[in-house]
Amino acid sequence: MHSRRIALLGSAVLLALCACEWNLWGTVVRPTVEDRVRESLSGALPAPDSVAVNPDSFCFAVFGDPQIGHDFQTSLARFKEEAAERGMDFFCVLGDLTNDATPEECDSIKAQLDRVGIPYYATIGNHDLYQADGWERFKQDYGPSCYAVAVADRIKLVFLDTADGTIGLTQFDWFESELQDTLLTRIVLTHFPVFDGERPVMWRLASGAERVKVQSLLERYGAYAWCAGHIHGWRHMQVGSVNHFTCGSMAPGTLDYGNPGYLLFRFAHGSLSWQFVELD
Amino acid sequence: MESKLLASAQADVEPVSYLKLDAGLSFNLFQNNGLGAVALGVGAVAYDRIKLTLRLAVQHQQWTDWQAGENRVLATLEAGPVYGLDAGLGLVQRVPVFGDKYWSPLVWSGGAEEWNLLYRLRWKFIERENWWLRAGFSSYDRYTAHNPQQFPFEVDGAYRLKGNVELAARAGTAIVGLSGLLMSFHEVELNAGVGYAF
């Protein structure tokens with residue numbers, strides 16, 4: 001009886017693994033964050049261009065996890081209307097562009113993001129690495145996984161690769177050098193949150209030492225915010241002088257908490273403000 | 001590669017039957033030099049046959065170069081070793097501390113408090129007169145408590161060189177949960193050292 005139960009459980013697990021579209025072996029042998037960061041910083045993958053905006057007044061949206069699946073459903077058509085109504089200059093997507101990183105999903109999300117009709121920046125998420133060629137596909141479509149962009153000599157967007165739930169030494173060194181640019185308001189955009197409430201959820205940066213080092217650097221250099229996705233919901237925490245945002249999600253289906261939406265930043269009259277916008 | 005907690009001094013005493021006290025100091029070299037962690041624990045043995053012990057502990061860990069620290073209070077129920085097995089289950093409240101007061105074990109707020117589960121199951125599968133080997137997983141030890149997204153596992157062992165001098169070594173890593181079934185391995189930790197017991 002006991003062995004039959006184990007066999008049934010084993011069969012169920014095997015069936016579940018067969019049913020998903022992940023390339024499990026591919027996720028084991030894929031490039032590590034260190035590999036991706038070194039390639040991104042080597043100069044072989046040029047960073048995306050800075051967006052031309054009115055330096056005295058501009059706005060942009062940040063959201064995570066469209067996580068397009070086999071039904072190719074997202075909230076991006078609705079977001080396109082929002083972008084037009086609010087006169088957004090550009091937007092940022094914080095990883096997990098796809099659910100399984102299949103070629104069909106990659107093609108579809110790229111087309112849907114392009115269709116919004118304004119410039120955008122992307123970071124890589126863990127779901128974008130669910131196939132052996134996930135990183136190849138990401139860099140072909142969006143470029144490096146870590147890079148920095150200055151907007152109108154007002155703000156600096158620092159995009160980090162946390163798709164493995166870790167930052168790594170090479171990226172930390174580069175990250176610190178980017179934060180030292182204290183003339184601009186610095187916003188970090190990446191997939192994994194550092195802080196997200198008191199509950200023991202698994203979906204934060206994994207290493208305790210990396211988390212305190214991140215916060216220490218953000219404080220030391222006066223960064224404005226750490227913007228993350230991964231958790232499908234919206235949350236704002238103030239830790240010291242730093243804003244920690246879990247930026248809302250465009251993921252289909254039920255979210256971890258809250259409704260689909262995005263974080264809207266607006267620069268005007270020399271200062272930066274933010275608000276969370278829920279999609280209807 | 002990071003070096004941490006390179007030297008430590010610890011004490012384990014049993015002032016009266018069924019009461020255990022433990023304390024420790026640990027120091028970093030090469031990186032975040034100086035004091036690395038301080039720990040203090042008290043345990044009450046509830047059932048001696050399996051050494052079932054209710055343990056309360058406080059830990060302060062700090063990283064001087066980053067001006068960051070973390071204060072923790074742990075409550076665990078531990079048992080063993082029995083037939084080489086030891087186990088533990090509990091909770092930790094963790095309070096990261098940044099800036100001027102990072103060194104203080106007395107700061108218990110700051111806006112980034114969290115709590116998470118603790119667990120341990122280890123098996124000393126070989127024990128000879130002068131040496132032993134153990135394998136298992138443990139999300140906490142005297143000086144540290146891992147985050148919930150890490151599932152640490154380790155192999156450790158010791159060889160008695162002479163009298164009270166012991167050569168100890170440990171290799172460990174963690175599986176990091178990303179989401180769904182996707183996981184990756186965390187950095188590998190290798191520890192080796194010599195201990196002297198008074």
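So, how was this worked out
- Residues numbered from 1 in each chain as written.
- Chains lettered and ligands numbered in written order.
- Predicted model: local features only at pLDDT ≥ 70, side-chain atom pairs only at ≥ 80, totals over all residues.
- Heavy atoms only, no water.
- Contact = heavy atoms within 4.5 Å.
- Buried area = accessible area lost by both parts, 1.4 Å probe.
- Salt bridge = Lys/Arg side-chain N within 4 Å of Asp/Glu carboxyl O.
- Polar contact = N/O pair within 3.5 Å; in protein donor to acceptor, adjacent residues only side chain to side chain.
- Pairing = 2+ DSSP bridges.
- Helix = DSSP H or I, 4+ residues; strand = E, 2+ residues; numbered from the N terminus.
- Axes fitted to C-alpha atoms, helices over the stretch in contact; angles between N-to-C directions.
- Phe/Tyr/Trp six-rings, centres within 6.5 Å; stacked < 30°, edge-to-face > 60°.
- Buried < 20%, exposed > 50% of the residue type's maximum accessible area, 1.4 Å probe, protein only.
- Lys NZ or Arg CZ within 6 Å of the ring centre and 35° of its normal.
- Core = buried A, V, L, I, M, F, W, Y, C linked by side-chain atoms within 4.5 Å.
- Patch = residues over 30% accessible without salt bridge, like charges linked within 9 Å, V, L, I, M, F, W, Y side chains within 5 Å.
- Areas by Shrake-Rupley, 256 points an atom, 1.4 Å probe, with all protein chains shown as cover.

Caption draft 1: Examining the interface of chain A and chain B more closely. At the interface, 38 residues of chain A touch 30 residues of chain B. Taking both sides of the interface into account, the surface hidden between chain A and chain B amounts to around 2800 Å²; carbon and sulfur atoms contribute 61%. Of all residues in chain A, the largest losses of buried area upon contact with chain B belong to A:Glu198, A:Met202 and A:Val212, amounting jointly to 21% of the total for that side. For the interface between chain A and chain B, the tally reads two salt bridges. Among the salt bridges present, the one from B:Glu114 reaches A:Arg211, with a minimum N-O distance of 2.3 Å. Linking chain A with chain B are eight residue pairs in polar contact (both at pLDDT 80 or more).

Caption draft 2: Layout of the sheet that holds strand β8 (residues 234–239) of chain A. All names here are of chain A. The six strands lie next to each other as β4-β5-β6-β7-β9-β8, forming an open sheet whose pairing is mixed. Edge positions in the open sheet fall to β4 (147–151) and β8, since each of these has one partner strand only. Here the average twist between neighbouring strands, direction ignored, is 20°. Contacting β4, β5 (155–159), β6 (185–189) and β7 (225–228), helix α7 (residues 169–179) runs over the sheet at an angle of about 175° to β5.

Caption draft 3: View of the packing of aromatic side chains. Tallied over the full model, the rule gives 27 aromatic pairs over all chains. Relative to B:Phe125, the ring of B:Trp123 lies with its centre 5.8 Å away and its plane at 50°, an arrangement referred to as tilted. Residue classification places B:Trp123 among the partly exposed positions, given a relative accessible area of 46%. Judged by its relative accessible area of 36%, B:Phe125 falls in the partly exposed class. Put simply, the rings of A:Phe60, A:Phe90, A:Tyr121, A:Tyr147, A:Phe159, A:Tyr224, A:Trp234, A:Phe245, A:Phe265, A:Trp274 and A:Phe276 touch in pairs and so form one group of aromatic residues. Directly above the ring of A:Phe172 sits A:Lys213, whose terminal nitrogen or CZ lies 4.4 Å from the centroid. Above the plane of the ring of B:Trp132 lies B:Lys124, whose end atom (NZ or CZ) is 4.5 Å from the centre.

Caption draft 4: Highlighting the pattern of salt bridges. Residues and elements named next belong to chain A. If you walk through the whole model with that rule in mind, you get 30 salt bridges over all chains. Linking Glu82 and Arg86 is a salt bridge whose minimum nitrogen-to-oxygen distance equals 3.0 Å. Glu82 gets classed as buried once you look at its relative accessible area, which sits at 5%. For Arg86, a relative accessible area of 29% gives the class partly exposed. Between Glu136 and Lys139 there is a salt bridge whose closest N-O contact spans 3.1 Å.

Caption draft 5: Representation of the nonpolar core in the model. A:Phe175, A:Leu179, A:Val214, A:Leu218 and A:Trp226 are the most contacted members of the largest nonpolar core, which totals 35 residues. Those elements giving two or more residues to this core turn out to be α3 (33–41), α7, α8 (208–220), β7 and β8 of chain A together with β10 (165–179) of chain B. Per-element tally for this core: the top contributor is α8(A), with five residues. Counting residues in each nonpolar core, the second largest holds 29 residues, with A:Ile68, A:Leu97, A:Trp135 and A:Met250 among its members.

Caption draft 6: The arrangement of the side chain of A:Glu178 in detail. All names here are of chain A. Its place among the elements puts Glu178 in helix α7. Glu178 gets classed as buried once you look at its relative accessible area, which sits at 16%. Reaching out from Glu178, the side chain makes a polar contact with the side chain of Lys156 at a distance of 2.6 Å. Those residues in contact with Glu178 that lie beyond four places of it in its chain are Ala148, Lys156, Val158 and Arg186.

Caption draft 7: Structural detail: a nonpolar patch on the surface. Residue and element names in this part refer to chain B. A cluster of nonpolar residues, Leu85, Leu121, Trp123, Phe125, Phe137, Phe153 and Phe185, forms a patch on the protein surface that exposes about 690 Å² of accessible area. The leading source of residues in the nonpolar patch is strand β7 (residues 114–127), at three residues. Locating Leu121 in the fold gives a position in strand β7. The class of Leu121 is partly exposed, set by a relative accessible area of 39%.

Caption draft 8: Representation of the environment of B:Ala79 within the structure. Residue and element names in this part refer to chain B. The residue Ala79 is located in strand β5 (residues 68–82) in this model. Distance in space between the C-alpha atoms of Ala79 and Asp12 is 17 Å, their sequence separation being 67 residues. With residues up to four places along the chain from it excluded, the contact list for Ala79 reads Ile50, Lys51, Leu52, Leu85, Asp86 and Ala87.

Caption draft 9: Region of interest: the sheet that holds strand β11 (residues 271–278) of chain A. All names here are of chain A. The strand order across the open sheet built from five strands is β3-β2-β1-β10-β11, with neighbouring strands paired in mixed fashion. Strand pairing shows two members of the sheet lacking a second neighbour, β3 (120–123) and β11, which therefore form its edges. Neighbour-to-neighbour, the strand axes of this sheet turn through a mean angle of 20°, independent of strand direction. Examined bridge by bridge, strand β10 (residues 261–268) and β11 share eight bridges and lie antiparallel to one another. Bridge pairing in β11 places Phe265 opposite Trp274.

Caption draft 10: Focus on the side chain of A:Ser145. All names here are of chain A. As for its position among the elements, Ser145 is in the loop between α6 (134–142) and β4. Residue class for Ser145 comes out buried when judged on its relative accessible area of 0%. Of note is the side chain of Ser145, whose polar atom sits 2.8 Å from the side chain of Asp161.

Caption draft 11: A look at the pairing of strand β8 (residues 131–138) of chain B. Residue and element names in this part refer to chain B. By the alternation rule, side chains of β8 split into Trp132, Arg134, Gly136 and Ser138, which are all buried, and Trp131, Leu133, Ala135 and Phe137, of which none is buried. Direction of pairing for β7 relative to β8: antiparallel, over a ladder of seven bridges. Looking at the pairing, Arg122 lines up with Gly136 of β8. Hairpin connection between β7 and β8: a loop of three residues separates the two successive antiparallel strands. When β8 meets strand β9 (residues 150–162), the two strands line up antiparallel, connected through seven bridges.

Caption draft 12: Summary view of unusual backbone geometry. Following B:Gly80, the chain continues into B:Pro81 via a peptide bond in cis, with omega recorded as 5°. If you trace the backbone, B:Pro81 turns up in strand β5. Positioned with a positive phi, A:Asp65 is a non-glycine residue whose angle comes to about 55°. On the basis of relative accessible area, A:Asp65 is assigned to the buried category, the value being 0%.

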